[in-house]
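What follows is the residue order along each chain.
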Amino acid sequence: MAILGKIRQRSFILIVIIALALFSFVLADVIQSGGFAQTSTNVGSINGKDIAFEEFRLKVGNTEKGGQGMSTIQAVNRVWDQEVNVALLTEELEKLGIRISEKHLIETLKSDPNFGQNPSFQNELKQFDINKYREYIKASSNPQEVEYFESTEKNANINSKYQIYSSLVKGGFFTTQNDAKFKYNLQNNKVTFDFVAVPFSSIKDSDVKVTDEEIIEYMKKNEKKYKAEETREIEYVVIEDKPSDADKTEIKNKVASLLNSKVVYNNETSTNDTIAGFSNTKNVIEFVNANSDFPYDSTYVGKSDLPAEHAEQIFNLPEGQIYGPYIYGEYYALSRSMGRKAGAKARASHILISFTGSKAQPKEDRTKEQAKVKAEELLGQINANPDSFTMLAFTASEDQGSAQKGGDLDFFGPGQMVPAFNDFVFNNPIGKVGLVETEFGYHIIKVTDKQDAIRLATIAQKIEASEKTAEVAYTNAVKFELAATEKSFEAAVKEAKLTVVPPVRVKALDETLGQMGAQRQVIRWAFESDTEVNDVKRFEIAKVGHLIAKLKKVNEEGLLNIEDARLQVEPILKNKKKAEKIMAKMKGATLEAMATANAVQVQNAADVTLENPVVATLGYEPKVVGFAFSTPANKISAPIEGNASVFVVKTTKVTKALPTQDYSAQLNALKSQNASGVNRVFSALKDKAEIKDNRFQFNY
């Protein structure tokens, strides 16, 4: 019945996540037919250096082949990122005049197992020999192999230079004693102040107007932040190719017909033969394999493993009896009981005490002998007080997953645990507690429950649309496409009584079309040069039916369009206008007078630092805290525009940090922070670079 688990799994698809690589290209055979239809010269350029299309296509094909399910567009994006990074780095290395010696190259090749551990490149002492490596390449008659070695050596050369470059960059980040002292003061100088805060929300949004011109002006001042790529907006309808009620009935009857024997005419003997059915066949396994979408599975399953709505009836089937047909997910199924096994599923709890060198990480260094002594002590406590097991599991077990549940491991079957653990649980009765050693350490095990399990033979056949139903869906989709083209998309939707999916915004190199998932063909169509706004096209979607798309809108490259910008910019500008209105009312000789005038309370913030400038319950307000430090004691500040309120502060006390000569903690923290500076190099180089990306012009 684990077959039912497999049926369940059919309903889910996992999309592989793209991992960015920097230097390693996998060079194999040239792809026979890439996804590219256009034969342009260059796929892009970096600082004036062109990336040849043909070379790019080659790398995409090889990356796609070696990517374990990677799509073409994923490979395109990965290779593009690699090309940009390598081009920028190479240019930077040349500017700086960084060179490497033969020794550097040898060390880099040696560190690669494909070369350093390859017997063909080793001397008598089994050490990497650069001369043997060179001789091997020279003697090779395979052009692709030579190309691979040349490319690998080129990448090794760049990688070696990058290590030097990285060291230079890291060396450029340094931390002085004054830096550490400054951080120490940020952490330990403290200010206490009274304040009045009038929140922006005290003024209604409707009382503040923001025009399109103001939004555009703000974006122009912050152009980099609000820069937008060219996008397309696609709306669509789906006409599903799903089974009709008649199709479901047909599949159900087909499955039901397998229950009983049937008579068929034998052309060879000119007689009628009786073919056994599922209920009386003597070879159940062969029958299942011949008639089911899934092969026979001999696994014993517990009641909890069965589909909830049918679990009671199936689990209590007498041996040889059949339940069904019944619907389970997208399948009609028949299940025949193949027998019951007592105690086939077990439940246990454990406390793990590991030791240094075991497969589990101990909380503290301890020898195997010390681990055993501790485990025996815990076992003694449990034997003396059985109710203490759960609490000891919480506090002492080094299996963090089960410790959170008081040691509980839930139900499992034979062979799912390591042998010694498995044998103890399945060879002892419920309630038994004992000590077992495994490669993970010492386990105090308590057998908490056992379940009977059953073995089932299940025939499952998918409920699919018939050819007739598929033809009807196709006809309706074609009719809709014609109507949408001749009249309008909206009129066709109304006439067909379909639901339009709201416009989905996509970029030229996107793969995903909203809830429809990967639909590269639709996005590619939307960006084709001859596709215009309001154009309509039908696409066949495997296992779904037909998607009819309309190009709703084109958003050109530049600043964000005003609709999108308003969502982001309008709240910022409204808050600025609200702050101006509030500041105009923040008048008075005392904080109390200002508070009364604005219907708020005078509040206090005590011992706030610039390292953590959080003001009472109002959150992160570095500007306000900075003003508090700089305002003379018992003086009222001018109004301050904070993140969510307008403040007026009166500083009552500034406490200076205690003098010290030990800034080691701050020094180490700053050094650690600076050490990651090299990771920002490529972002900085990209910001400075002139990168022209023509990928969207190619049909892939």
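**As for the overall build of the protein chain**
Each helix and strand counted, the protein chain has 24 helices and 23 strands in total. For 700 residues, the compact-globule formula gives about 27 Å, and the C-alpha radius of gyration of the protein chain, at 36 Å, lies well above that figure. For the protein chain, the C-alpha atoms occupy an extent of roughly 110 × 85 × 80 Å along the three principal directions. Looking at the protein chain as a whole, 40% of its 700 residues qualify as buried. Taking the intrachain contacts of the protein chain between residues at least 6 apart in sequence as the baseline, contacts between residues at least 24 apart amount to 67%. A gap of 5 Å separates the mean positions of the 88 positive and 92 negative side-chain charges of the protein chain.

**Focus: the packing of helix 6 (residues 130-139) against helix 7 (residues 143-172)**
Closest axis-to-axis distance for the helix 6/helix 7 pair is 9 Å, and the angle between their directions is 145°. Considering only the axes of helix 6 and helix 7, their crossing is left-handed. Of helix 7, the residues touching helix 6 (which contributes Tyr 133, Arg 134, Tyr 136 and Ile 137) are Glu 145, Val 146, Phe 149 and Glu 153.

**A few points about the confidence of the model for the protein chain**
Residues at a pLDDT of 70 or more form 94% of the protein chain, whose mean pLDDT is 88. Here residues 1-40 scores under 50 on pLDDT; set against residues more than four positions off or in separate chains, the count is 87 contacts.

**Some points on the sheet that holds strand 21 (residues 640-641)**
Pairing between the strands of a sheet comes from backbone hydrogen bonds, and it takes one of two forms, parallel or antiparallel. Read from one edge to the other, the open sheet built from four strands follows the order 18-3-22-21, with strand pairing classed as antiparallel. Bordering the open sheet on either side are strand 18 (602-608) and strand 21, each of which pairs with just one other strand. Bridging between strand 3 (residues 190-199) and strand 22 (residues 645-655) involves ten bridges; their strand directions are antiparallel. Within strand 22, the position partnered with Ala 197 by the bridge is Phe 647. Taken strand by strand, helix 22 (residues 622-630) contacts strand 3, strand 18, strand 21 and strand 22, and its axis lies near 130° from that of strand 3.

**Details of the environment of Val 418**
By the element assignment, Val 418 lies in the loop between strand 11 (408-412) and helix 16 (419-426). Overall, Val 418 belongs to the partly exposed group, its relative accessible area being 22%. For the pair formed by Val 418 and Glu 309, sequence separation is 109 residues and the distance between their alpha carbons is 34 Å. Those residues in contact with Val 418 that sit more than four places away from it in its chain are Thr 438, Glu 439 and Phe 440.

**So, helix 18 (residues 489-496)**
Every buried residue of helix 18 is accounted for by Phe 489, Ala 492 and Val 493. On an axial view of helix 18, the arc spanned by its buried residues comes to 100°, and they lie on one face. Away from the buried face of helix 18 by more than 90 degrees, exposed residues Lys 494 and Glu 495 are located. Each element contacted by the buried residues of helix 18 is listed here: strand 5 (231-240), helix 17 (467-486), strand 15 (536-541) and strand 16 (545-555). Of the residues one or two after helix 18, Lys 497 is the one with positive phi, at around 55°.

**Considering the packing of aromatic side chains**
Within this structure, the stated rule accounts for 19 aromatic pairs. Measuring from centroid to centroid gives 5.9 Å for Trp 525 and Phe 539, while their planes differ by 70°, and the two rings are edge-to-face. Here Trp 525 is found in helix 19 (residues 520-526), whereas its partner Phe 539 is found in strand 15, with 14 residues between them in sequence. Connected via pairs of aromatic rings, a cluster forms that spans Phe 115, Phe 121, Phe 128, Tyr 133 and Tyr 136. Between the NZ or CZ atom of Arg 340 and the centre of the ring of Phe 315, over which it lies, the distance is 4.5 Å.

**A closer look at the pairing of strand 3**
For strand 3, a buried count of seven out of ten residues is recorded, marking the element as mostly surrounded by other parts of the structure. Strand direction decides the pairing type here: strand 3 and strand 18, joined by five bridges, are antiparallel. Residue pairing in the sheet places Phe 193 in a bridge with Ala 605 of strand 18.

**Some points on the environment of Gly 626**
Within the secondary structure, Gly 626 is located in helix 22. For the pair Gly 626 and Val 191, spaced 435 residues apart in sequence, the C-alpha separation works out to 9.5 Å.

**As for the sheet that holds strand 2 (residues 49-52)**
Read from one edge to the other, the open sheet built from three strands follows the order 2-1-23, with strand pairing classed as antiparallel. The open sheet has two edge strands, strand 2 and strand 23 (691-693), and neither has a second partner. Each strand of the sheet is rotated relative to its neighbour by a mean of 20°, with strand direction disregarded. Inspection of the sheet shows strand 1 (residues 42-46) paired to strand 2 by four bridges, in the antiparallel sense.

**Here we look at the nonpolar core**
Inside soluble globular proteins, nonpolar side chains tend to come together where they are buried. Phe 56, Leu 89 and Tyr 165 are the most contacted members of the largest nonpolar core, which has 30 residues in total. Those elements that provide at least two residues to this core are strand 1, helix 2 (53-65), helix 3 (72-96), helix 7 and helix 24 (681-688). Residue contributions to this core peak at eleven residues, all from helix 3. Ignoring any residue separated from it by four or fewer positions in sequence, one finds Tyr 165 in contact with Leu 89, Glu 92, Leu 93, Leu 96, Ile 98, Val 681 and Leu 685. Grouped together as the second largest cluster of nonpolar side chains are 18 residues, Ile 234, Val 522, Ala 526 and Leu 547 included.

**Considering the side chain of Lys 574**
With respect to the secondary-structure elements, Lys 574 resides in helix 20 (residues 562-585). Buried and without a salt bridge, Lys 574 has Glu 570 as its closest oppositely charged side chain, separated by 4.3 Å. The contact partners of Lys 574, leaving out residues within four places of it in the chain, are Asp 205, Val 208 and Val 210.

**Quick word on unusual backbone geometry**
Peptide bonds are mostly trans, and most non-glycine residues show a negative phi. Residue Pro 325 follows Gly 324 across a cis peptide bond; omega there is 5°. Even without being glycine, Ser 270 reaches a positive phi, approximately 55°. Inspection of the secondary structure assignment puts Ser 270 in the loop between strand 6 (262-266) and strand 7 (271-275). Assessed through its relative accessible area of 48%, Ser 270 is described here as partly exposed. Not every positive phi belongs to a glycine, and Asn 534 is a case in point at roughly 80°. For Asn 534, a relative accessible area of 48% gives the class partly exposed.

**A few points about the environment of Phe 193**
Its place among the elements puts Phe 193 in strand 3. Judged by relative accessible area, which is 0%, Phe 193 ranks as buried. Sequence separation between Phe 193 and Ile 351 is 158 residues, and the spatial gap between their C-alpha atoms is 52 Å.

**Considering the pattern of salt bridges**
A complete count under the given rule lists 32 salt bridges for this structure. In this structure, the salt-bridge partner of Glu 240 is Lys 242, at a minimum N-O distance of 3.7 Å. Among the residues examined, Lys 242 registers a relative accessible area of 52% and is labelled exposed. Where Asp 564 meets Arg 505, a salt bridge forms, and the shortest distance between an N and an O atom there is 1.9 Å. Taken as a pair, Asp 564 in helix 20 and Arg 505 in strand 14 (residues 501-507) lie far apart in primary sequence, 59 residues in all.

**Overview of the packing of helix 9 (residues 212-221) against helix 20**
Two numbers describe how helix 9 lies on helix 20: the axes approach to 9 Å, and their chain directions differ by 90°. Considering the angle they form, helix 9 stands roughly perpendicular to helix 20. Contact residues: Asp 212, Glu 214, Ile 215, Ile 216, Tyr 218 and Met 219 in helix 9; Ile 562, Ala 565, Arg 566, Val 569, Ile 572, Leu 573 and Lys 577 in helix 20. Among the residues forming the contact of helix 9 with helix 20, the class breakdown is nine nonpolar, no polar and four charged.

Criteria and thresholds
Residues numbered from 1 in each chain as written. Predicted model: local features only at pLDDT ≥ 70, side-chain atom pairs only at ≥ 80, totals over all residues. Heavy atoms only, no water. Helix = DSSP H or I, 4+ residues; strand = E, 2+ residues; numbered from the N terminus. Rg over C-alpha atoms; globule rule 2.2 N^0.38 Å. Buried < 20%, exposed > 50% of the residue type's maximum accessible area, 1.4 Å probe, protein only. Contact = heavy atoms within 4.5 Å. Lys, Arg positive; Asp, Glu negative; His and termini not counted. Charge placed at Lys NZ, Arg CZ, Asp CG, Glu CD. Axes fitted to C-alpha atoms, helices over the stretch in contact; angles between N-to-C directions. Left-handed = near helix turned anticlockwise from the far one by under 90°. pLDDT = per-residue confidence, 0-100. Pairing = 2+ DSSP bridges. Arc of directions from axis to C-beta. Phe/Tyr/Trp six-rings, centres within 6.5 Å; stacked < 30°, edge-to-face > 60°. Lys NZ or Arg CZ within 6 Å of the ring centre and 35° of its normal. Core = buried A, V, L, I, M, F, W, Y, C linked by side-chain atoms within 4.5 Å. Salt bridge = Lys/Arg side-chain N within 4 Å of Asp/Glu carboxyl O. Parallel < 35°, antiparallel > 145°, perpendicular 65-115°, else oblique. Nonpolar A, V, L, I, M, F, W, Y, C, P; charged D, E, K, R; others polar.

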